[in-house]
Amino acid sequence: MASLGALETALWGIVTFSILVVLHEMGHFLAARAFGVKVHEFMLGLPGPALRLHTKNMDWGVTAVPLGGYVRIAGMEPGSEDELLGAALVAIRDHGPMTEFGLARVLGVSEKRAEAIATSLLDWKAVTADADNRLVLTVDGDIAWLDAEGLASHARKVTYRGQSTLKRIAILAMGVITNLAVAILTFTLVLSIWGYYERSTTIEVVGADTPAESAGLQAGDTIVAFNGEAIERWDDFLLLISATEPGDDAVVTIQRDGREQEIRALLGDLDGHGFLGVTAEEVHIRLSVWESVKESFHYVGLVFQTIGRLFDPSTFQGTVKSFTGVVGVSVMAQEAAAAGALSYAGLIAMLSLSLGVMNILPIPPLDGGKILMEIVERLMGRPISRAVTLGFSSVGAVLLFALIGYVMYLDILRYAV
């Protein structure tokens, strides 16, 4: 029975992450197609063996490891273009289909360079390989009299690199925009129709043998500030205490019998961050459509605020410990699905929001990092070298996977007990 429960949790995790990835990658895909950029693949899962459906223009499919996903867009390879790309297109046009060896001979270059040129042209979808592995020109339009530069420019129009900087940034940003738009729309719909239950800032229960009880906090007290920072909502309190450490000396400002007073409490330990030991009253909130929109943007602001704490050394550790990774999300997805469609939709919205905000960080290989590279290239007036681009992406990937691995480790500790 335990193994069946674990399998169900894993399946809900896969389904949930698949939905999030499809939403994100669909944003990139739709933006690319809107600008006339060709797309090779829309795949669900990590690169590798896959079940594919080949349509006229691209492949759709699911890989052997259905975690994550990607859209492979023509012309997104980093680094400078080979100056002989146009000459290669002219050679294939004028001499007919040819192998990479034949292309090397016609261009007077090494086979290794001809292979790299062919790889770029295949990525552009300017050529394709026939049954005999010969390169066949596939560029549309009246190209019979174009010279090398003109033919390369014509072929490049349907690639990512052939777009203006603003259009390239739009393609990169559309995944994040889609995540945020889906989250805001879902939150607005759910909140305006059903409303939500929210914990107020008034304490309902003070846990026995907790720091709150020791400090003298009582049921009915209303928390108005924590360590000098105003508390307007219970989420504000949770965000602030998640950034504390066990053993911290906290100052809780409360309102009791119409008067404010400060109470000092020595925080306990909860999942590696500070713990007070109070539960707030829960009230049902009903909102208008406009109020729901504002509440949705409030959620967006909270997530940005949480991610921003990663860049503050004093709050980094506590913030990371409050994160939920792959294991935790899978458990939450199973529980939300069991609670009903409304709960599951709310979870998808919150995860979509978190994914969008994380992806906008200026760290390669995240979308924000790629946008930063595009801006730098525009300021430099030339492409960043392939080696530098891959170097930055590798460093960023190592940092991200280290963070993901650490959060997963915390998940295991949290759910193994």
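Computed from a prediction, not measured in an experiment: that's the story for all the values here.

How do you make sense of the overall build of the chain when you look at a structure like this?
Broken down by element type, the chain carries 14 helices and 14 strands. Its C-alpha atoms give the chain principal-axis dimensions of about 90 × 50 × 40 Å. Counting across all 417 residues of the chain, residues that qualify as buried make up 44%. Taking the intrachain contacts of the chain between residues at least 6 apart in sequence as the baseline, contacts between residues at least 24 apart amount to 66%. For the chain, the exposed area adds up to about 21600 Å²; of that, 62% sits on carbon and sulfur atoms. Put simply, the chain has 30 plus and 46 minus side-chain charges, and the middle of one group is 10 Å from the middle of the other.

What am I meant to see in the packing of aromatic side chains here?
Within a pair of aromatic rings, the relevant descriptors are the distance that separates the centres and the angle that separates the planes. The final tally for this structure, using the stated rule, is seven aromatic pairs. Look at Phe187 and Tyr299: their rings are 4.8 Å apart centre to centre, the planes differ by 65 degrees, and that puts the pair in the edge-to-face class. On the criterion of sequence distance, the pair formed by Phe187 in helix 6 (residues 165-193) and Tyr299 in helix 9 (residues 289-308) is long-range, its members being 112 residues apart. Taking the relative accessible area as the measure of exposure, Phe187 reaches 8% and is therefore buried.

What am I meant to see in the sheet that holds strand 3 (residues 59-63) here?
In a beta sheet, neighbouring strands pair by backbone hydrogen bonds and run either parallel or antiparallel. Ordered by their spatial adjacency, four strands build an open sheet running 2-3-1-4, and the pairing between neighbours is mixed. Each of the sheet's edge strands pairs with one partner strand only, and the pair in question is strand 2 (50-54) and strand 4 (69-73). Pairwise comparison of adjacent strand axes, ignoring direction, gives a mean angle of 15 degrees for this sheet. The sheet contact formed by strand 1 (residues 39-44) and strand 4 spans five bridges and is antiparallel. Pairing of Val39 across the sheet is with Ile73, part of strand 4.

Is there a simple way to think about helix 9 in this case?
Every α-helical turn comprises 3.6 residues, leaving residues that sit three or four positions apart pointing alike. Along its 20 residues, helix 9 runs 29 Å from first to last C-alpha, staying within 8% of the 28 Å computed at 1.5 Å per residue. If you check which residues of helix 9 are buried, you get Ser292, Glu295, Ser296, Tyr299, Val300, Leu302, Val303, Thr306 and Ile307. Seen from one end, helix 9 has its buried residues packed into an arc of 155 degrees, which puts them on one side. The inward-facing, buried residues of helix 9 contact helix 6, strand 7 (196-206), helix 8 (234-242), helix 10 (313-321) and helix 12 (341-359).

I'm lost on the pairing of strand 3 in this one. Help?
A regular strand places its side chains so that they alternate between the two faces of the sheet. The alternating pattern of strand 3 places Asp59, Gly61 and Thr63 on a buried face, while none of Trp60 and Val62, on the opposite face, is buried. The pairing of strand 1 with strand 3 spans four bridges and is parallel. For Met43, the partnering residue across the bridge sits in strand 3 and is Gly61. Hairpin connection of strand 2 to strand 3: four residues between the antiparallel strands.

What's the story with a nonpolar patch on the surface in this structure? I'm lost.
A cluster of nonpolar side chains, namely Val326, Phe401, Ile404, Met408 and Ile412, defines an oily patch on the protein surface of about 450 Å² accessible area. Locating Ile412 in the fold gives a position in helix 14 (residues 386-416).

Rules of the game
- Residues numbered from 1 in each chain as written.
- Predicted model: local features only at pLDDT ≥ 70, side-chain atom pairs only at ≥ 80, totals over all residues.
- Heavy atoms only, no water.
- Helix = DSSP H or I, 4+ residues; strand = E, 2+ residues; numbered from the N terminus.
- Buried < 20%, exposed > 50% of the residue type's maximum accessible area, 1.4 Å probe, protein only.
- Contact = heavy atoms within 4.5 Å.
- Areas by Shrake-Rupley, 256 points an atom, 1.4 Å probe, with all protein chains shown as cover.
- Lys, Arg positive; Asp, Glu negative; His and termini not counted.
- Charge placed at Lys NZ, Arg CZ, Asp CG, Glu CD.
- Phe/Tyr/Trp six-rings, centres within 6.5 Å; stacked < 30°, edge-to-face > 60°.
- Pairing = 2+ DSSP bridges.
- Axes fitted to C-alpha atoms, helices over the stretch in contact; angles between N-to-C directions.
- Expected span 1.5 Å × (residues − 1).
- Arc of directions from axis to C-beta.
- Patch = residues over 30% accessible without salt bridge, like charges linked within 9 Å, V, L, I, M, F, W, Y side chains within 5 Å.
- Salt bridge = Lys/Arg side-chain N within 4 Å of Asp/Glu carboxyl O.

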